Amino acid sequence: MNIRYDETAQGSAEMILLFGGVIVIVIFAALWYKNYLISAGNEINKTDVKTVTNSIQNLKSKF
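Sequence order as written defines residue numbering, which begins from 1 separately in each chain. In keeping with the model being predicted, local features are shown solely for residues with a pLDDT of at least 70 and side-chain atom pairs are shown and tallied solely at 80 or more, while totals for entire chains, interfaces and linings include all residues. Working from all heavy atoms in the structure, the side-chain values ignore hydrogens and water.

*Asks:* I keep staring at the overall build of the chain and nothing clicks. Help me out?
*Replies:* For the purposes of this entry, the term helix denotes a DSSP run of H or I that reaches at least four residues, the term strand denotes a run of E that reaches at least two, and both are numbered from the N terminus. From N to C terminus, the chain includes two helices and zero strands. Exposure classes here rest on a 1.4 Å probe applied to the protein chains alone. A residue is buried below 20% of its type maximum, exposed above 50%, and partly exposed in between. Within the span of the chain, comprising 63 residues, buried residues form 0% of the whole. For accessible areas, the Shrake-Rupley method is used with a probe of radius 1.4 Å. Any residue's cover is judged against the shown protein chains and nothing else. A total accessible area of about 6200 Å² is found for the chain, and carbon and sulfur atoms account for 67% of it.

*Asks:* Would you explain a nonpolar patch on the surface in this entry?
*Replies:* Among the surface-exposed residues, Met15, Leu18, Phe19, Val22, Ile23, Val26, Ile27 and Leu31 lie close enough to one another that they form a single nonpolar patch of about 770 Å² accessible area. Locating methionine 15 in the fold gives a position in helix H1 (residues 3-43). Surface patches are defined over residues having more than 30% relative accessible area and no salt bridge, joining like charges when they lie within 9 Å and nonpolar side chains (Val, Leu, Ile, Met, Phe, Trp, Tyr) when within 5 Å. Only one rule defines a salt bridge in this text: a Lys or Arg side-chain nitrogen within 4 Å of an Asp or Glu carboxyl oxygen.

Take a look at the structure:
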């Protein structure tokens, strides 16, 4: 058995562990960002959206 093949297998195992760690970090960040967007979405009222819509429609009449 050649030592070179053993080193290749170790490199593959290290890459799998690295990608696994990156995937865990990405999932954690996505969940945190989702919670951030949900809390930010609750702060917007329907009246705020309606006010912006009316402002845009008023601009349309000026053009």
